[in-house]
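Examining the three-dimensional arrangement
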Amino acid sequence: MAGRFLKNLFSSGPKFRVVGRDRLGNSFRQASDGDVREVFRPGSSAIDSHDAEIHPLWSSWLRKQRPDIPSDAEVDAFDAQQARLRENVAAIELKDRKARLKEQRDKMYGADGGPPQQGSQAHLSAAQRFLLNDQKQSTSGDAETNDDDETWETSAWTPGKE
């Protein structure tokens, strides 16, 4: 009896009580003075809340962004709201993807959906247009020439000489 009394008298740190558990297997405890809040897995010590998978409402409670522990009804409502949000985001992304594809198709084939106009480069990518223009320039002038109409070669040039 005296050993337990001395152990409790000289023990350091606050006393904790379990205040709740989530569906992910985490347990949450709070110090008797209310200052310290921790998450832990049963059978182990406190874990780092940054490393653990924690429901957002419980995370808010741990960081003292909310004063009360989240109820099961609040967690269910939050999860339902997040599911609706994910569905809405997926619908918007699909609509946006369809609009981008239509825009690309219209740019490539014209608004009427027919083949591209003869001589039009709208259906070509930027790289294809660059290569086409480069090819046109190389066929217009076969080689660079100097003032004497001699073909200029890289190997003929040496630094310091002109």
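In what follows, the structure referred to is the one given above.
Residues numbered from 1 in each chain as written. Predicted model: local features only at pLDDT ≥ 70, side-chain atom pairs only at ≥ 80, totals over all residues. Heavy atoms only, no water.

To continue, consider the side chain of Asp22. Along the chain, Asp22 turns up in the loop between strand E1 (16–21) and strand E2 (27–31). With relative accessibility at 13%, the residue Asp22 sits in the buried group. Within the structure, Asp22 has its side chain in polar contact with the backbone nitrogen of Gly25 (distance 3.2 Å). Looking at Asp22, its side chain comes within polar contact range of the main-chain nitrogen of Asn26, at 2.8 Å. Excluding residues that lie within four positions of it along the chain, Asp22 makes contacts with Phe28, His55 and Trp58. (Helix = DSSP H or I, 4+ residues; strand = E, 2+ residues; numbered from the N terminus. Buried < 20%, exposed > 50% of the residue type's maximum accessible area, 1.4 Å probe, protein only. Polar contact = N/O pair within 3.5 Å; in protein donor to acceptor, adjacent residues only side chain to side chain. Contact = heavy atoms within 4.5 Å.)

One can find Phe28 in strand E2. When the C-alpha positions of Phe28 and Glu38 are compared, they lie 5.8 Å apart, and in sequence the two are 10 residues distant.

This part is about the pattern of salt bridges. Inspection of the entire model under this criterion finds 5 salt bridges. Arg66 is paired through a salt bridge with Glu74; the nearest N and O atoms lie 3.0 Å apart. A relative accessible area of 34% places Glu74 in the partly exposed class. For the salt bridge of Lys102 with Asp106, the shortest nitrogen-to-oxygen distance reads 2.8 Å. Taken together, the residues Lys102 and Asp106, both in helix H3 (residues 72–109) and 4 residues apart, mark about one turn of the helix. Counted as one network, the salt bridges with shared partners bring together Arg23, Asp76 and Asp79. (Salt bridge = Lys/Arg side-chain N within 4 Å of Asp/Glu carboxyl O.)

Attention now goes to the packing of aromatic side chains. Counting across every chain of the model gives 3 aromatic pairs. Ring geometry for Phe28 and Trp58: centres 4.1 Å apart, planes at 5 degrees, overall stacked. Remark: Trp58 occurs in helix H2 (residues 56–62) and Phe28 occurs in strand E2; sequence separation between them is 30 residues. Overall, Trp58 belongs to the buried group, its relative accessible area being 4%. Plain terms: the ring middles of Phe28 and Trp61 are 6.4 Å apart, the flat faces sit at 90 degrees to each other, and that makes the pair edge-to-face. Note that Phe28 is positioned in strand E2 and Trp61 in helix H2, a separation of 33 residues in sequence. Classification of Phe28 by relative accessible area gives buried; the value is 0%. Each member of the aromatic cluster is reached from another via a ring pair, and the members are Phe28, Trp58 and Trp61. (Phe/Tyr/Trp six-rings, centres within 6.5 Å; stacked < 30°, edge-to-face > 60°.)

Treat this as a map of the structure, not an account of what it does.
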